[in-house]
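Letter by letter, the chains look like this.
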Amino acid sequence: MWGGRFSGKPAELMQAINVSIGFDRRLADQDLAGSRAHAGMLLKQGVISSEDAAAILGGLDTIAGEIAAGTFPFRDEFEDIHMNVEARLRELIGPAAGRLHTARSRNDQVALDFRMWVRDACDRTTAQIRALQTALLAKAEAHADAVMPGFTHLQPAQPVTFGHHLMAYVEMFGRDASRFVDARTRMNESPLGAAALAGSPFPIDRHMTAGTLGFDRPTANSLDSVADRDFALESLAAASVCAIHLSRLAEEIVIWMTPQFGFIRLSDAFTTGSSIMPQKKNPDAAELVRAKVGRLLGSFTQLSVVMKGLPLTYSKDMQEDKVPTFEAFDALELSLLAMAGMVADLEPDRERMAAAAGAGYSTATDLADWLVRTLNMPFRDAHHVTGAAVKRAEELGVGLPDLPLADLQALDPRITAAIYDVLTPEASVASRVSYGGTAPDQVRAQIKRWKEALA
Ligand code: ARG
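This structure is a prediction, so every number in the text was calculated from the model and none was measured.

**Notes on the packing of helix H7 (residues 162-187) against helix H10 (residues 230-257)**
When two helices pack together, their arrangement is given by the angle between the helix axes and by the axis-to-axis distance. Two elements in contact, H7 and H10, have axes whose closest approach is 8 Å; the angle formed by their N-to-C orientations is 170 degrees. Regarding the angle of H7 to H10, the classification is roughly antiparallel. Here H7 and H10 pass one another in a crossing that is left-handed. Of the residues belonging to the contact of H7 with H10, the class tally is 15 nonpolar, three polar and six charged.

**Looking at the site of the ligand**
Near the ligand you find Ser20, Asp24, Asp80, His82, Arg106, Asn107, Val110, Tyr314, Gln319 and Lys322, and these make up its full shell. Gln319 places a polar side-chain atom, nitrogen or oxygen, 2.8 Å from a nitrogen atom of the ligand. Within the side chain of Lys322, a nitrogen or oxygen atom sits 2.5 Å from an oxygen atom of the ligand. Protein coverage of the free-state accessible area of the ligand, which is 350 Å², stands at 86%. Of all the elements, helix H6 (residues 106-142) adds the most residues to the shell around the ligand, at three residues. Across the shell around the ligand, the residue classes break down as two nonpolar, four polar and four charged.

**A word on helix H18 (residues 440-454)**
Its 15 residues give H18 an end-to-end C-alpha distance of 21 Å, which sits within 8% of 21 Å, the value for a rise of 1.5 Å per residue. Every buried residue of H18 is accounted for by Pro440, Gln442, Val443, Gln446, Ile447 and Trp450. With its buried residues spanning 160 degrees around the axis, H18 presents them on a single face. In H18, the exposed residues that point more than 90 degrees away from the buried face are Asp441, Lys448 and Glu452. Looking at the buried positions of H18, the neighbouring elements they touch are H6, strand E2 (155-161), H7 and helix H17 (425-431).

**Considerations on the pattern of salt bridges**
Applying the stated rule across the entire model yields 32 salt bridges. As a salt-bridge pair, Asp123 and Arg184 come within 2.7 Å of each other at their nearest N and O atoms. Within this pair, whereas Asp123 is found in helix H6, its partner Arg184 is found in helix H7, the two being separated by 61 residues in sequence. A relative accessible area of 32% places Asp123 in the partly exposed class.

**Looking at empty space enclosed by the protein**
Taken as a whole, this structure holds two cavities of 30 Å³ or more when the rule is applied. What the largest cavity holds in volume is close to 40 Å³. Along the walls of the largest cavity sit Gly358, Tyr361, Ser362, Thr363, Leu400, Pro401, Leu423 and Pro425, which together make up its complete lining. Here the residues of the lining of the largest cavity sort into five nonpolar, three polar and no charged.

**Re a nonpolar patch on the surface**
Where nonpolar side chains cluster on the molecular surface, the patch consists of Leu197, Leu223 and Leu312 and spans about 270 Å² of accessible area. Position of Leu312 relative to the elements: it lies in the loop between helix H11 (284-307) and helix H12 (322-345). Accessibility expressed as a relative area gives 66% for Leu312, which makes it exposed.

**Examining the side chain of Glu333**
Among the structural elements, Glu333 can be located in helix H12. Accessibility expressed as a relative area gives 12% for Glu333, which makes it buried. Beyond its immediate stretch of four places on either side in the chain, Glu333 contacts Ala121, Arg124, Thr125 and Gln128.

**Description of the state of the cysteines**
Two cysteines form a disulfide when their sulfur atoms are joined by a covalent bond. Throughout the structure, instances matching the rule amount to zero disulfides. The thiol of Cys242 is not disulfide-bonded; the next cysteine sulfur, from Cys122, is found 11 Å away.

**What to know about unusual backbone geometry**
Outside of glycine, negative phi angles account for most residues, and trans bonds account for most peptide bonds. That bond from Leu312 to Thr313 is cis: its omega, 5 degrees, falls within 30 degrees of zero. Inspection of the secondary structure puts Thr313 in the loop between H11 and H12. Despite not being glycine, Glu79 shows a phi value in the positive range, around 65 degrees. Tracing the backbone through its elements, the reader meets Glu79 in the loop between helix H4 (50-69) and helix H5 (81-93).

Criteria and cut-off values
- Residues numbered from 1 in each chain as written.
- Predicted model: local features only at pLDDT ≥ 70, side-chain atom pairs only at ≥ 80, totals over all residues.
- Heavy atoms only, no water.
- Axes fitted to C-alpha atoms, helices over the stretch in contact; angles between N-to-C directions.
- Helix = DSSP H or I, 4+ residues; strand = E, 2+ residues; numbered from the N terminus.
- Parallel < 35°, antiparallel > 145°, perpendicular 65-115°, else oblique.
- Left-handed = near helix turned anticlockwise from the far one by under 90°.
- Nonpolar A, V, L, I, M, F, W, Y, C, P; charged D, E, K, R; others polar.
- Near = heavy atom within 4 Å.
- Polar contact = N/O pair within 3.5 Å; in protein donor to acceptor, adjacent residues only side chain to side chain.
- Areas by Shrake-Rupley, 256 points an atom, 1.4 Å probe, with all protein chains shown as cover.
- Expected span 1.5 Å × (residues − 1).
- Buried < 20%, exposed > 50% of the residue type's maximum accessible area, 1.4 Å probe, protein only.
- Arc of directions from axis to C-beta.
- Contact = heavy atoms within 4.5 Å.
- Salt bridge = Lys/Arg side-chain N within 4 Å of Asp/Glu carboxyl O.
- 1 Å grid on protein atoms, 1.4 Å probe; cavity = no way out; pocket = protein on both sides within 12 Å on 5 of 7 lines; lining within 4 Å.
- Points joined across faces, edges and corners; volume = space filled by probe spheres on them.
- Patch = residues over 30% accessible without salt bridge, like charges linked within 9 Å, V, L, I, M, F, W, Y side chains within 5 Å.
- Disulfide = S-S within 2.5 Å.

Function-wise, these values are silent; they only describe arrangement.
Take a look at the structure:
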């Protein structure tokens with residue numbers, strides 16, 4: 001492509017380090033779309049003739065067919081996807097192929113292709129997050145009133161419902177989706193026409209190509225257009241946060257699956273056995289989702305380090321933007337699909353969760369709140385009295401609902417049998433009616449709100 005200036009061939013090692021077709025072939029669709037839009041614009045602006053434009057567009061269609069059929073020759077000697085397409089176009093239509101690159105550089109071309117790839121990836125990811133939220137909503141609705149222990153420090157804290165717990169993840173994934181939507185909005189400007197870095201002397205119409213390719217507008221600074229990879233960095237940041245959320249849910253699934261917890265069962269579809277221990281049913285999919293976050297954070301770090309300290313504008317360093325981004329989205333998309341599958345598959349053991357919900361004196365706060373509300377005790381005093389009640393229950397080896405009234409009255413004679421009404425996990429969750437609280441009606445209200453939002 002640059003034979004004029006060169007008389008020697010590149011060293012084999014030069015080719016080995018330079019070649020990117022092995023991975024940037026994934027930009028083929030975007031590259032063809034960009035070339036079509038560019039050729040159509042060159043035609044309309046009178047930069048190329050209608051015969052040449054027709055030949056170019058026809059050749060691009062043939063190439064699209066070859067790529068779809070798996071017959072397109074991806075060749076290392078043409079380095080990257082852009083030059084592979086152009087070289088093939090020349091073979092197909094002859095010298096007219098050389099006019100496609102008028103008013104364009106690989107610098108704006110790759111910036112465009114990669115941006116469109118990331119834009120598509122954001123759209124796919126957003127849809128997958130929505131599907132995961134939908135799976136969570138269905139499970140939450142089925143178990144909006146199933147009591148389970150709520151934890152802090154992974155110690156039983158206060159009873160909550162399983163539906164409420166799942167809805168926490170619906171909120172988290174909702175923020176994730178909105179981050180991808182935000183990033184998409186910001187990235188939706190077309191760099192095509194920035195050419196190498198300074199713009200073009202040809203009468204190009206950048207607004208036209210931007211519109212054809214679904215962008216809101218062209219980018220406003222030609223240097224920034226070819227030097228910017230914020231769209232990938234932002235998307236990888238959003239992807240990393242999403243992977244962190246997935247890893248937290250995955251970890252809970254692993255914990256809940258242990259016989260010691262026994263809160264949920266996963267079917268054979270999402271578990272594996274052991275080659276030596278016949279009794280095993282392992283949550284491998286959850287463990288792998290938990291681990292994928294490493295790749296995501298690695299990708300974000302990789303691209304950040306590539307971009308850090310790069311002078312304007314394009315440097316070949318930026319060719320290293322693609323692999324981490326492709327790998328990150330591959331891992332995230334697979335994780336989202338696997339997680340949606342697991343969520344739909346999992347069945348909670350409501351009885352075990354209910355039994356655990358009452359363990360660990362989980363309604364101690366309810367007892368203290370009763371003292372405050374009924375006896376007008378200052379909360380700090382109520383906290384103290386309740387601590388003594390827990391201590392007494394521990395001595396007797398009973399839970400708070402089974403602590404004899406005489407023992408409670410020994411702590412404060414004004415306590416009546418009415419206090420037992422608040423000491424069961426069911427009563428505890430039913431009382432948490434504050435907005436966003438775990439009372440089943442509150443949980444159902446949030447499920448309804450989300451269902452409407454996702455509809
Ligand atoms: N394969 C290159 C990349 O991915 C395309 C841009 C090449 N530009 C250049 N000036 N060498 O970055």
